[in-house]
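Structure assessment
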Amino acid sequence: GQQLNQSPQSMFIQEGEDVSMNCTSSSIFNTWLWYKQDPGEGPVLLIALYKAGELTSNGRLTAQFGITRKDSFLNISASIPSDVGIYFCAGPNGGSQGNLIFGKGTKLSVKP
Amino acid sequence: NAGVTQTPKFQVLKTGQSMTLQCAQDMNHEYMSWYRQDPGMGLRLIHYSVGAGITDQGEVPNGYNVSRSTTEDFPLRLLSAAPSQTSVYFCASSSATGRKLFFGSGTQLSVL
């Protein structure tokens, strides 16, 4: 079946540093989504990508839809303590428009 | 605007007990789904529904039942709880045309 490989699994960074994480798929996607999960809460959609090569920003966050359509990247610039959480990539999983497959997440810790 | 509401927030069950996790959304979304989140496993799809009266299985459906009698509600039933069902459960919804899932805040379930 489909698999999403997300890396790194965890990151410990200093406040103010930039962050990069990525996600690769075993199959071609037509949509990439990036979610953030705060402790004790459900995931919240950060960015949605719909076209190969697309680069989309949401404040300090920038995500890119890879040219091969099998990968995506998320960058966070000038990290702040509230960036702490788990970041998930997700893509379509067939069966229905809303079904998604998720990566295992990148846990981000930020030291003030 | 409440979005997706899940109850209860926490639940402890004994092996063999049954219970229903409640989920309601007020966004008039056609699509609803249930995911479980286990450490290091990301989110995995249990069941989903594309509209009232229509349900289907996801990746890990065994041990769970669902029904969709109204657009707003999508309860998840555990008929005979097992320790392997200890997890955090998330309900999500989206419009019929989009992949942008909106998640509830989760139910943390422990089965002893």
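All of the points below concern the structure found in this document. Remember, it's a predicted structure, so these values are computed and weren't measured experimentally.

Let's talk about the interface of chain A and chain B
Every contact between the two is made by 23 residues of chain A and, on the other side, 22 residues of chain B. Buried area between chain A and chain B, summed over both chains or domains, comes out near 1800 Å², and the portion from carbon and sulfur atoms is 54%. Connecting chain A to chain B are zero salt bridges. Our count for the contact surface shared by chain A and chain B stands at five residue pairs in polar contact (both at pLDDT 80 or more). Looking at the side of chain A that touches chain B, the elements that each hand over two or more residues are strand S4 (32–37), strand S5 (44–49), strand S9 (85–92) and strand S10 (100–102) of chain A. The element that contributes the greatest number of residues to the side of chain A that touches chain B is S4 of chain A, accounting for three residues.

Regarding the sheet that holds strand S8 (residues 71–76) of chain A
All names here are of chain A. Spatially, the five strands line up as an open sheet ordered S1-S3-S8-S7-S6, and their pairing is antiparallel. With one partner strand each, in any of the chains shown, strand S1 (4–7) and strand S6 (55–58) form the two edges of the open sheet. The mean angle between the axes of side-by-side strands here comes to 15 degrees, regardless of whether they run parallel or antiparallel.

Comments concerning the packing of aromatic side chains
Each aromatic ring pair is characterised by the separation of its centres together with the angle its planes make. Following the criterion strictly, the structure yields ten aromatic pairs over all chains and no others. Ring centres 5.7 Å apart and planes at 55 degrees place the aromatic pair Tyr 35 of chain A and Phe 102 of chain A in the tilted group. Taken together, the positions of Tyr 35 of chain A in strand S4 and Phe 102 of chain A in strand S10 put the pair 67 residues apart, joining distant regions of the chain. The pair formed by Tyr 35 of chain A and Phe 102 of chain A is uniform in burial state, with each residue classed as buried. Considering the side-chain rings of Tyr 64 of chain B and Tyr 89 of chain B, the 5.8 Å spacing of their centres and the 65 degrees angle between planes classify their relative orientation as edge-to-face. Placement of Tyr 64 of chain B in strand S7 (residues 64–66) and of Tyr 89 of chain B in strand S9 (residues 87–94) is noted, with a sequence separation of 25 residues between them.

Observations concerning the pattern of salt bridges
All names here are of chain B. Under the defined criterion, the tally for this structure stands at four salt bridges over all chains. Arg 44 serves as the salt-bridge partner of Asp 38, at 2.8 Å between the closest nitrogen and oxygen. The residues Asp 38 and Arg 44 share a single accessibility class, namely buried. Through salt bridges with shared partners, a single network forms among Arg 36, Asp 38 and Arg 44.

What counts as what
Residues numbered from 1 in each chain as written. Chains lettered and ligands numbered in written order. Predicted model: local features only at pLDDT ≥ 70, side-chain atom pairs only at ≥ 80, totals over all residues. Heavy atoms only, no water. Contact = heavy atoms within 4.5 Å. Buried area = accessible area lost by both parts, 1.4 Å probe. Salt bridge = Lys/Arg side-chain N within 4 Å of Asp/Glu carboxyl O. Polar contact = N/O pair within 3.5 Å; in protein donor to acceptor, adjacent residues only side chain to side chain. Helix = DSSP H or I, 4+ residues; strand = E, 2+ residues; numbered from the N terminus. Pairing = 2+ DSSP bridges. Axes fitted to C-alpha atoms, helices over the stretch in contact; angles between N-to-C directions. Phe/Tyr/Trp six-rings, centres within 6.5 Å; stacked < 30°, edge-to-face > 60°. Buried < 20%, exposed > 50% of the residue type's maximum accessible area, 1.4 Å probe, protein only.

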